[in-house]
Structure formats: C-alpha cells, structure tokens
Amino acid sequence: MKDPNCIFCKIANGEIPTNTVYEDDHFRAILDAGPATKGHTLILPKEHAANLFELPEDMAAEAMKVAKKVGEMLKEKLHADGLNLVQNNGEVAGQTVHHFHIHVIPRFEGDGQKIGWNPKSPTAEEQEAILKEIL
Ligand code: AMP
Ligand code: ZN
C-alpha cells in the first residue's frame, strides 16, 4: 500500500524525480538530500511501512540485501574507507520521515562525522535486571 501523504512513497515509486542509485521491484535507493558524507544513500521500500515494526519480515530481509549491494557499490565507486548503516524508528530515535528507510553512509578518513552514543557503565546486577525484563 502507498500512503498518498507520504513523500518517500512518492519518491520510491517515481512520482517525484530524484537521484536514484539503485532500483528493483521492491526498493529504490536515492541520494540523501542532506548527506552526512559524499554518497549518503537512503534505501526506501516501494510499499509504505512507517518503520521497522510495520515492515513485513520478508521486506526487512530484502532491505538488508539491498543495503549490502548498495554499500558495496558505494565503497567501491567512491573509495570509501568504511560504512555506517543507520535505521531510525520513532521520533525519540531520531526518525524524521515516517516511511521506513535505511541510511547507507560511506565513511572516509577525516570526514569529520560522528555517529554514536555516550556509553554507560551498568553493573552486572543492572545488566541482569535488564535481561529479566527482556526475556
Ligand atoms: P531520518 O531522520 O532517519 O528519518 O532520516 C530522514 C532523512 O531523509 C534525512 O537524512 C533527510 O536528509 C532525508 N530527506 C528528507 N527529505 C528528503 C528528500 N525529499 N529527498 C532526499 N532525502 C530526503
Ligand atoms: Zn510512505
């Protein structure tokens, strides 16, 4: 299903022209309009899913295959030194466009970008308590 109010639905399905680096039956990969680095690409499913939780399992598996293919292409063609895959779900997690997408971010020595978090130092007891909550 496409969402008529979703810009990434329109982009993924070719209704809004964009810079496509890869396309198949289910996905389009485009250059991010506000790239972190040269070649920063977004992988968009053609069917609307707001986030990972809404994405069907087979499409999630396909998305990772596309990420591998696109990541390898960017690494080779742009001579990247490394690569980040980033995938945000929910505003609290930094998602701004609510159509599932994977960021494929080529990394270059000295590119000045930082993708990360502030590591905490939980005790063994705290980790155990978390495990209990999860399992
Ligand atoms: P996120 O914060 O994970 O939801 O990422 C949304 C990304 O979409 C950002 O990196 C934006 O720069 C990018 N973006 C938003 N609108 C467009 C657009 N029309 N074309 C290409 N990239 C876009
Ligand atoms: Zn959409």
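Residues take numbers from 1 onward in each chain, read along the sequence in its written order. Chains and ligands are labelled by the order in which they are written, letters from A for the one and numbers from 1 for the other. In keeping with the predicted nature of the model, local features appear solely for residues at pLDDT of at least 70, side-chain atom pairs appear and are counted solely at 80 or more, and the whole-chain, interface and lining totals rest on all residues. As a convention, hydrogens and water are excluded, and side-chain values are obtained from all of the structure's heavy atoms.

A. Region of the structure containing the site of ligand 1. Residues in contact with ligand 1 amount to 16 residues; listed here are only the nearest, Asp-32, Gly-94, Thr-96, His-101 and His-103. In the model, an oxygen atom of ligand 1 is placed 3.4 Å from a nitrogen or oxygen of the Gly-34 main chain. Burial of ligand 1 by the protein amounts to 77% of the accessible area it has alone, namely 500 Å². Strands here mean DSSP runs of E at least two residues long; helices mean DSSP runs of H or I at least four residues long; both are numbered from the N terminus. Among the secondary structure elements, those contributing two or more residues to the shell around ligand 1 are helix H1 (7-12) and strand E2 (27-31). The greatest single-element share of the shell around ligand 1, amounting to 3 residues, is contributed by H1. Here the residues of the shell around ligand 1 sort into 8 nonpolar, 7 polar and 1 charged. Proximity is defined per residue: if any heavy atom of the residue lies within 4 Å of a molecule or strand, that residue is considered near it. Counted as a polar contact is a pair of N or O atoms within 3.5 Å, where, for protein atoms, one must be capable of donating a hydrogen and the other of accepting one, and residues adjacent in sequence contribute only when both atoms are in side chains. Only the protein chains shown count as cover for residues, and all accessible areas are computed by the Shrake-Rupley method using a 1.4 Å probe. Amino acid classes used here: Ala, Val, Leu, Ile, Met, Phe, Trp, Tyr, Cys and Pro are nonpolar; Asp, Glu, Lys and Arg are charged; the rest, including Gly, are polar.

B. Just the nonpolar core, in detail. Phe-27, Ile-43, Val-66, Val-70, Phe-100, Ile-102 and Val-104 are the most contacted members of the largest nonpolar core, which has 15 residues in total. Broken down by element, this core gets its largest block of residues, 6 residues, from helix H2 (residues 57-78). Ignoring any residue separated from it by four or fewer positions in sequence, one finds Ile-43 in contact with Phe-27, Arg-28, Ala-29, Ala-63, Val-66, Ala-67, Phe-100, His-101, Ile-102 and Val-104. Here, nonpolar core means buried Ala, Val, Leu, Ile, Met, Phe, Trp, Tyr and Cys residues that are tied together by side-chain atoms lying within 4.5 Å of each other. Throughout this description, buried means an accessible area under 20% of the type-specific maximum (1.4 Å probe, protein chains only), exposed means over 50%, and partly exposed covers the range between. In this analysis, two residues are considered to be in contact whenever any of their non-hydrogen atoms come within 4.5 Å of each other.

Limitation: the analysis is restricted to geometry and does not speak to function.
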